[in-house]
Amino acid sequence: MTKGAIIVGASSGIGEALARELAADGYEVGLAARRTERMKAIGAELPTKAYVATMDVTDTADAREGFFELANAMPAVDVVVLSAGVGSINPDLEWTDERRTIDVNVRGFVAVATAALEYFETTPTPEKERDGHLVGISSVAAHVGIGALPAYSASKAFVSRYLEGLRARQSRSESDVAITTVEPGYVDTELSYGSFWECSPETAAEQIARAIRKEREHVYVTRRWRLVAWLLKAMPESVRRRLVA
Ligand SMILES: NC(=O)c1ccc[n+]([C@@H]2O[C@H](COP(=O)([O-])OP(=O)(O)OC[C@H]3O[C@@H](n4cnc5c(N)ncnc54)[C@H](OP(=O)(O)O)[C@@H]3O)[C@@H](O)[C@H]2O)c1
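So, here is what we can say about the structure in this document.

Calculation rules
- Note on numbering: residues in each chain are counted from 1, in written sequence order.
- Reporting of local features is limited, given that this is a predicted model, to residues whose pLDDT is at least 70; pairs of side-chain atoms are given and counted only at 80 or more, and all residues count toward the totals for whole chains, interfaces and linings.
- Under the scheme used here, helices are H or I runs from DSSP no shorter than 4 residues and strands are E runs no shorter than 2 residues, and both carry numbers assigned from the N terminus.
- In this setup the radius of gyration rests on C-alpha atoms only. A globule is expected at 2.2 Å times the number of residues raised to 0.38.
- Working definition of burial: number of other C-beta atoms within 10 Å of the residue's own, with buried at 20 or more, exposed at 12 or fewer, and partly exposed in between, all C-beta atoms being placed from the backbone.
- Contact between residues is assigned whenever the C-beta positions, reconstructed from backbone atoms, fall within 7 Å.
- Among buried residues, those of type Ala, Val, Leu, Ile, Met, Phe, Trp, Tyr and Cys that are joined through C-beta atoms within 7 Å form a set called a nonpolar core.
- Pairing between two strands is assigned when DSSP locates at least 2 bridges connecting them.
- Seen with the strands pointing away from the viewer, any crossover whose path from the first strand over the helix to the second strand runs clockwise is right-handed.
- In this analysis, residues qualify as near a molecule or strand once their C-beta atom, positioned from backbone atoms, comes within 6 Å of it.
- Throughout this entry, Asp, Glu, Lys and Arg are counted as charged residues, while Ala, Val, Leu, Ile, Met, Phe, Trp, Tyr, Cys and Pro are counted as nonpolar. The remaining residues, Gly among them, count as polar.
- Between N-to-C directions, angles cover 0 to 180 degrees, with each direction set by a line fitted to C-alpha atoms, over the stretch in contact for helices.
- Handedness of a helix crossing follows the sense of rotation of the near helix relative to the far helix, less than a right angle counterclockwise being left-handed and clockwise being right-handed.

1. A closer look at the overall build of the protein
Then comes step 1: Of the regular secondary structure elements, the protein holds eight helices and seven strands.
Then comes step 2: Against the globule reference of 18 Å for 245 residues, the protein gives a C-alpha radius of gyration of 17 Å, in line with a compact fold.
Then comes step 3: When the backbone C-alpha atoms are referred to their principal axes, the protein occupies close to 55 × 40 × 30 Å.
Then comes step 4: In the protein, which comprises 245 residues, the share counted as buried stands at 44%.
Then comes step 5: Considering only contacts within the protein whose residues lie at least 6 apart along the sequence, 63% involve residues at least 24 apart.

Right under this line is the structure:
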């Protein structure tokens, strides 16, 4: 049976590495983001069939339409990964930067997450155990308000809490969609803000693919970031503030 995965934010970084990892695992992959030529080049290198959709998630109506078109063009969509994300170091609180982060990481995220759930919940999958699997890429930054990245850290708190809400909704739903929250620490991509415990996008993709196989609800990437998240949650804000700029 053909397996399919859509990755939104597949043109670079974690999304690109995950496209390669899932294709090596036998998935046909739908690649979505703004940089069409990069996705075409990535798709041409995959061992399975690739589908490319140009999409700006901040144009929410167009992104949702593009998502359904992409899903309907593929023989099967078992997994949707939402990896599209941006962030700007912005201690001066430039509104255009704050707005862009919220537009992509919050509005864009919800626009495509709701489209993916609508697709899974209304597309019959008689031969499959699950109706689908939604995977959202959040961040360890979800656990701390960062002075230089206030919109980014808050947007990731939103993503983690939103996915938790979707899991709660699923537990009372007739449909059977798995929901996975991924919280990476530093990953060596264009977006990375630090080098402490930084892993390669390939290592991140391997660990995310394993979480997908095991249908985990929540995973830190790499696993040692669980300790950092736990410490951040346990300490008072005044201490967190001294440790994280
Ligand atoms: N790298 C890290 O240290 C780290 C740590 C924790 C969490 N994360 C999260 O991991 C995810 C992937 O980031 P990355 O590190 O792989 O960075 P990246 O290489 O910059 O990838 C970001 C992806 O998002 C896409 N994107 C950005 N704006 C978009 C828009 N308006 N519409 C559609 N797609 C858009 C980009 O594609 P186009 O530019 O082609 O549109 C690209 O494919 C993000 O959600 C990020 O917050 C990263």
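Now, onward.
2. What to know about the nonpolar core
Then comes step 1: I7, V8, L18, L31, A32, V112 and A116 are the most contacted members of the largest nonpolar core, which has 72 residues in total.
Then comes step 2: It is helix 4 (residues 95-122) that provides the largest number of residues to this core, a total of nine residues.
Then comes step 3: Each residue touching L31, except ones within four places of it in the same chain, is listed here: I7, A10, A19, M39, I42, G43, A50, Y51 and V52.

3. Quick word on the pairing of strand 4 (residues 79-82)
Then comes step 1: Residues V79 and V81 of strand 4 are buried on one face, and the alternating residues V80 and L82, pointing to the opposite face, are buried as well.
Then comes step 2: Two strands pair when backbone bridges link them, and strand 1 (residues 3-8) and strand 4 are joined in this way by four bridges, in the parallel orientation. Pairing of I7 across the sheet is with V81, part of strand 4.
Then comes step 3: Handedness of the crossover joining strand 4 and strand 5 (residues 132-137) through helix 4: right-handed.

4. Regarding the site of the ligand
Then comes step 1: With respect to spatial proximity, 29 residues lie near the ligand, and among them G9, G13, R34, R35 and G85 are the closest.
Then comes step 2: Broken down by secondary-structure element, the contributors of at least two residues to the shell around the ligand are helix 1 (13-24) and helix 4.
Then comes step 3: Element by element, the count of residues in the shell around the ligand is highest for helix 1, at three residues.
Then comes step 4: Considering only residue class, the shell around the ligand consists of 13 nonpolar, twelve polar and four charged.

5. Some thoughts on the pairing of strand 2 (residues 27-33)
Then comes step 1: Buried residues dominate strand 2, accounting for seven of its seven residues.
Then comes step 2: Sheet topology places strand 1 next to strand 2; six bridges connect them, and they run parallel. Bridged to A5 within strand 2 is V29.
Then comes step 3: Regarding the hand of the β-α-β motif, the stretch spanning strand 1, helix 1 and strand 2 is right-handed.
Then comes step 4: Bridge count between strand 2 and strand 3 (residues 50-54): five bridges; the pairing is parallel. Residue pairing for strand 3: A33 is matched across the bridge by T54.
Then comes step 5: On the question of chirality, the crossover connecting strand 2 to the parallel strand 3 by way of helix 2 (residues 36-45) is right-handed.

6. Looking at the sheet that holds strand 2
Then comes step 1: Spatial strand order, 3-2-1-4-5-6-7: seven strands in an open sheet with parallel pairing. Two strands close off the open sheet at either side, each with one partner strand: strand 3 and strand 7 (218-221). When the angles between neighbouring strand axes are averaged without regard to direction, this sheet yields 15°.
Then comes step 2: Of the strands in this sheet, strand 1, strand 4, strand 5 and strand 6 (177-184) touch helix 4, which is tilted by about 170° from strand 5.

7. Some thoughts on unusual backbone geometry
Then comes step 1: With an omega of -5°, the peptide bond between V221 and T222 qualifies as cis.
Then comes step 2: Phi is positive for L93, close to 55°, though the residue is something other than glycine.

8. Re the packing of helix 3 (residues 60-73) against helix 4
Two measures define how a pair of helices packs: the angle their axes make with one another and the distance between the axes.
Then comes step 1: Contact geometry for helix 3 and helix 4: axes closest at 9 Å, N-to-C directions at 35°. In the crossing of helix 3 with helix 4, the sense of the turn from one axis to the other is right-handed. In this structure, helix 3 uses T60, A63, R64, F67, F68 and A71 to contact helix 4, whose residues at the interface are R107, G108, A111, V112, A115, A116 and Y119.
Then comes step 2: By residue class, the composition of the contact of helix 3 with helix 4 is nine nonpolar, two polar and two charged.

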